[in-house]
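Survey of secondary and tertiary structure
One-letter residues, chain by chain:
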Amino acid sequence: MRRWNGWGDDSIHYAINADALSFLQARIGQGLPQADAALDHVCQQVPESRLPVHPLVDTDALGRVRHTLGQSLPDWLKMRFGKISHFPDGVAYPESAGDVRSLLDYATLHNIALIPYGGGTSVVGHLAVTGSEQPVLSVDMSRMSQLLNLDKEAQLATFGAGVFGPDLEAQLRAHGYTLGHFPQSFEYSTLGGWVVTRSSGQQSLRYGRIEQLLAGARVETPAGRLDIQTFPASAAGLDLREMLLGSEGRMGIVTEVTVRITALPACEEFHAVFFPDWDAAQTAVRSIAQGKLGLSMLRLSNATETLTSLTLAGHNKLIGLLESYLRLRGCDEGKCVLLIGASGEKSQVRHAVKSALKMTGQHQGVHIGKTMGEKWKQGRFRNVYLRNSAWQQGYAIDTVETACDWPKVKTMMLSMEQAGQNAMATENEQVHAYTHLSHLYGQGASVYSTFVYRLTGDYEHDYARWRRLKSAVSAAIVANGGTISHQHGVGSDHAPYLEAEKGSLGISGMRHLFKHFDPQGIMNPGKLLPVEDVKQ
Ligand SMILES: Cc1cc2nc3c(=O)[nH]c(=O)nc-3n(C[C@H](O)[C@H](O)[C@H](O)COP(=O)(O)OP(=O)(O)OC[C@H]3O[C@@H](n4cnc5c(N)ncnc54)[C@H](O)[C@@H]3O)c2cc1C
């Protein structure tokens, strides 16, 4: 069963090996294992629902607890410490666009705030119940998950928006296709969620971000139904897909999505290349990205992330042998690992990998074959479970990400890590910070930093620590000319930083757009734009 206060299935445990634990203890100190609040106890805190009766609305406490929060660190703190101050008043599970329309009419009539709920994997507070006089209904889309149409000639597939990643891929695979969208949250996130948060999958270099995969959609808004038609390309004025992408549930509820699919690749390979230092590695990946070689993935870890991954991998002897070999080839302390993925016809894959390896070779890259890349592929959705095990050992793991142009990438990486470490230095606490470039473009790259630090066991204290680290790293992103999010979206946690990026005219344009579709301001208030903005 899905864990209510952490990541994934509660029968899956992925322990941190003893060496990795000692490594962490040596860097940031011994963790303080935490006792979690019991689900029963939290259910008892759920207040009486303020919702009028509706046949689709369920007000039972367990369902409301399960739909209260997402997966950000502050969400975890609230769930683990049992400190949830606001719950939705009910949950609805629509099965058709007609059900969604009926819920919108009900919400409009009774002035109820609606929070569309996909898979609940948001890491930026998209699902938070803000707490006001207005009752709140969570609309869980998971029952709208069918493949509704498959046009093989145009390579388009239409799904109910609540379809989860594995189900979507299984339905396509049965016909020989893939969407190729694999965010790390793939197992528990949904197509509708991907669209409205502008998600990016690990193999976006081949398949594109969700922006490129989205062909059309059906959205039920308080003002009526919006059908966004599919065209291979169009010069007919503004592109309505762009209004939906990144709308974070503020425009309406997406009920159907049509996506561009690709025939399943005949061949897929993941290779690993080590570089002696960051500068050589960054120059190599920039050249590869700008060379448009037809790869599916490039993922470059900095030295600390490389060391952390090797330690977490276990297999001491094998890693020891690998490190001796790398040392002989000039990659010692400071080495950085690059994973290279390629998918397609065998000849395409061979050609793309060969060209990439030629370029890495020109920048002192040492190719070590496919084993490490294949291991990464096998564990790519399992590694997330480490967040649970780290928590049990008394450590918090948080991530912050951005994207910026190539000339800013290295400074951005160093500034983000430093900002996170400085934020904790006031308490004399150490932060284990490391970074990778997760998505690479000709113009620049996403910069994705992870911060591991100790929990104190006190909710207020841990929340204040998170707030301080998040603010410091976000300020560093803005100061260094990055976007406040490359792939996680805005939600409530990034909303204060949006104006720095869009400008006041841009923000008021968004405000007016949402008001057009949602005149009463009932759709996911307080996310993306502060609540009062929409009502102006
Ligand atoms: C461990 C982990 C790893 C992650 N890795 C990645 C990654 O690699 N790439 C990436 O892009 N993101 C990643 N994320 C972030 C998250 O998975 C994405 O933001 C995802 O797109 C959210 O989808 P969801 O279905 O879970 O949406 P939810 O979290 O349920 O909702 C997110 C927002 O979308 C709205 N929404 C959801 N469905 C609909 C709908 N049908 N109509 C209207 N609004 C809707 C909600 O109201 C909310 O505002 C990760 C998160 C975690 C926890």
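In every chain, residue numbers begin from 1 and rise along the written sequence. Residues qualify for local features only when their pLDDT is at least 70, as the model is predicted, and side-chain atom pairs are given and counted only at 80 or more; totals for whole chains, interfaces and linings, by contrast, use all residues. As a rule here, side-chain values come from all non-hydrogen atoms in the structure, and water together with hydrogens is ignored.

As a reminder of what qualifies: UniProt positions are given in the numbering used here, feature names are shortened, and annotations may be inferred rather than shown by experiment.
Identification of the chain as Alkyldihydroxyacetonephosphate synthase from Undibacterium pigrum is taken from an unreviewed UniProt entry. Under Cofactor (unreviewed entry), UniProt gives the following word-for-word description of the chain: "FAD".

Details of the site of the ligand
Test applied: We define proximity as follows: a residue is near a molecule or strand when any one of its heavy atoms falls within 4 Å of that partner. We define a polar contact as two N or O atoms separated by no more than 3.5 Å, with the added condition that, inside protein, one atom must be a possible hydrogen donor and the other a possible acceptor, whereas residues neighbouring each other in sequence contribute only through side-chain atom pairs. Where accessible areas are quoted, they stem from the Shrake-Rupley method and a 1.4 Å probe; at the residue level, only the protein chains shown are allowed to cover. Numbering of helices and strands runs from the N terminus; a helix is a DSSP stretch of H or I covering at least four residues, while a strand is a stretch of E covering at least two.
Looking at the ligand, there are 36 residues lining it, with P116, G118, T121, S185 and T190 nearest. S185 places a side-chain nitrogen or oxygen 2.6 Å from an oxygen atom of the ligand. Within the complex, 98% of the 970 Å² of free accessible area of the ligand lies under protein. Where the shell around the ligand is concerned, the elements lending two or more residues are β3 (113-117), α7 (191-197) and β10 (253-260).

Focus: the nonpolar core
To be explicit about the condition: By nonpolar core is meant a set of buried Ala, Val, Leu, Ile, Met, Phe, Trp, Tyr and Cys residues that side-chain atoms within 4.5 Å join together. We call a residue buried when its accessible area falls under 20% of the maximum for its residue type, exposed when it is over 50%, and partly exposed in between, using a 1.4 Å probe and counting protein chains only. Contacts were defined at the residue level, with two residues in contact if any of their heavy atoms lie within 4.5 Å.
In this structure, L191, L244, L437 and Y453 are the most contacted members of the largest nonpolar core, which totals 121 residues. In this structure Y453 touches I28, L73, G394, Y395, A396, M424, Q430, V431, R465, W466 and L469, once residues within four positions along its chain are discounted.

A short note on helix α5 (residues 97-110)
An α-helix turns once per 3.6 residues; consequently, residues spaced three or four apart project the same way. Cut-off, in case you're wondering: Expected span of a helix, by definition, is 1.5 Å for each gap between consecutive residues, and there is one gap fewer than residues.
Compared with the 20 Å implied by 1.5 Å per residue over 14 residues, the 20 Å span of α5 between its first and last C-alpha is a close match. Residues of α5 that are buried: A97, D99, V100, L103, L104, Y106 and A107. Just beyond α5, the residue with positive phi is N111, at close to 50 degrees.

Examining the domain arrangement of the chain
In plain terms, the rule: Domain start and stop positions are those given by an automatic or database domain assignment. Here, a salt bridge means any Lys or Arg side-chain nitrogen found within 4 Å of an Asp or Glu carboxyl oxygen. Amino acid classes used here: Ala, Val, Leu, Ile, Met, Phe, Trp, Tyr, Cys and Pro are nonpolar; Asp, Glu, Lys and Arg are charged; the rest, including Gly, are polar.
The assigned domain composition of the chain is domain 1 (31-140), domain 2 (153-164 + 177-263), domain 3 (267-380) and domain 4 (495-535). The distance between the C-alpha centroids of domain 1 and domain 4 comes to 22 Å. Run the count over domain 1 and domain 4 and you get zero salt bridges. Counting across the interface, domain 1 meets domain 4 through six residue pairs in polar contact (both at pLDDT 80 or more). Every element with two or more residues in the side of domain 1 that touches domain 4 is listed here: α5 and β3. Of all the elements, β3 adds the most residues to the side of domain 1 that touches domain 4, at four residues. Residues of the side of domain 1 that touches domain 4, tallied by class, amount to nine nonpolar, six polar and no charged.

A word on the packing of aromatic side chains
Formally: A pair of Phe, Tyr and Trp rings is counted when the ring centres sit within 6.5 Å of each other, with Trp represented by its six-membered ring. The angle between the planes then sorts it: under 30 degrees is stacked, over 60 is edge-to-face, the rest tilted. Each ring is checked for a lysine NZ or an arginine CZ that lies within 6 Å of its centre and within 35 degrees of its normal; such an atom marks a charge sitting over the ring.
In this structure the tally under the stated criterion is nine aromatic pairs. Here W7 and Y188 contribute two aromatic rings whose centre-to-centre distance is 5.4 Å and whose plane-to-plane angle is 85 degrees, an arrangement assigned as edge-to-face. Highlighted residues: W7 in the segment before α1 (18-28) and Y188 in the loop between β7 (177-178) and α7, separated in sequence by 181 residues. Just as W7 is buried, Y188 falls in that class too. Three or more aromatic residues joined by ring pairs make a cluster, and in this case those are W76, F81, W391, Y459, Y463 and W466. When the ring centre of W76 is taken as reference, the NZ or CZ atom of R80 above it lies at 4.9 Å.

Here's the deal with the sheet that holds strand β16 (residues 395-405)
Within a beta sheet, neighbouring strands are joined by backbone hydrogen bonds and run either parallel or antiparallel to one another. Worth spelling out the cut-off: Criterion used throughout: strands pair if DSSP finds at least two bridges between them. A fitted line through C-alpha atoms represents every axis, and for helices the fit uses only the stretch in contact; the resulting angles, taken between N-to-C directions, go from 0 to 180 degrees.
The strand order across the open sheet formed by seven strands is β15-β12-β14-β13-β17-β18-β16, and the pairing between neighbours is antiparallel. Unpaired on one side and paired on the other, β15 (366-367) and β16 mark the two borders of the sheet. Relative to the sheet, helix α12 (residues 303-312) contacts β12 (267-275), β13 (297-301), β14 (336-344) and β17 (432-437), its axis offset from that of β17 by approximately 105 degrees. Sheet strands in contact with helix α18 (residues 459-479) are β16 and β18 (444-454), and its direction is about 160 degrees off that of β18.

Section: the environment of G252
When you line up the elements, G252 lands in the loop between α10 (241-244) and β10. Judged by its relative accessible area of 7%, G252 is buried. Put simply, G252 and E501 are 249 residues apart on the chain and 24 Å apart in space, counted from C-alpha to C-alpha. The contact partners of G252, leaving out residues within four places of it in the chain, are P116, V219, E220, T221, P222 and M523.

With respect to the sheet that holds β3
Sheet architecture is open: four strands sit in the order β1-β2-β4-β3, paired in mixed fashion. Where the open sheet ends on each side, the last strands, each with one partner, are β1 (57-58) and β3. Bridge analysis of strand β2 (residues 90-92) against strand β4 (residues 136-140) gives three bridges, and the strand direction is parallel. For G90, the partnering residue across the bridge sits in β4 and is L137.

With respect to the side chain of S200
Residue placement: S200 occurs in the loop between α7 and α8 (204-207). Among the residues examined, S200 registers a relative accessible area of 4% and is labelled buried. Only 3.2 Å separates the side chain of S200 from the side chain of H439, close enough to count as a polar contact. Not counting the four nearest positions on each side in its chain, S200 is found in contact with H181, P183, R209, H439, Y441, H486 and Q487.

Focus on the packing of helix α4 (residues 73-81) against α18
Stated precisely, the cut-off is as follows: An angle below 35 degrees is treated as roughly parallel, one above 145 as roughly antiparallel, one from 65 to 115 as roughly perpendicular, and anything else as oblique.
It is the contact of α4 with α18, at a shortest axis distance of 10 Å, that shows an interaxial angle of 175 degrees. In terms of orientation, α4 and α18 fall into the roughly antiparallel class. Each of L73, P74, L77, K78 and F81 in α4 lies in contact with α18, whose residues at this interface are Y459, D462, Y463 and W466. Looking at the contact of α4 with α18 residue by residue, the classes come out as seven nonpolar, no polar and two charged.

Some details on the pattern of salt bridges
Counted under the stated rule, the structure contains 21 salt bridges. Here E323 makes a salt bridge to K335, at a shortest N to O gap of 2.9 Å. Of this pair, E323 sits in helix α13 (residues 316-328) while K335 is found in the loop between α13 and β14, placing the two residues twelve residues apart along the sequence. In this structure, a network of salt bridges that share partners links the residues E427, E429, R454, R465 and R468.

Describing the environment of K354
Within the secondary structure, K354 sits in helix α14 (residues 346-361). With 61 residues separating them along the chain, K354 and L293 place their C-alpha atoms 9.7 Å apart.

Brief notes about the side chain of S485
With respect to the helices, strands and loops of the structure, S485 is situated in the loop between α18 and α19 (498-517). Among the polar contacts listed, one links the side chain of S485 to the backbone nitrogen of Q487, at a separation of 3.3 Å. Polar side-chain contacts of S485 include one of 2.9 Å to the backbone nitrogen of H488. For S485, the residues in contact, after removing those within four places along its chain, are E401 and H494.

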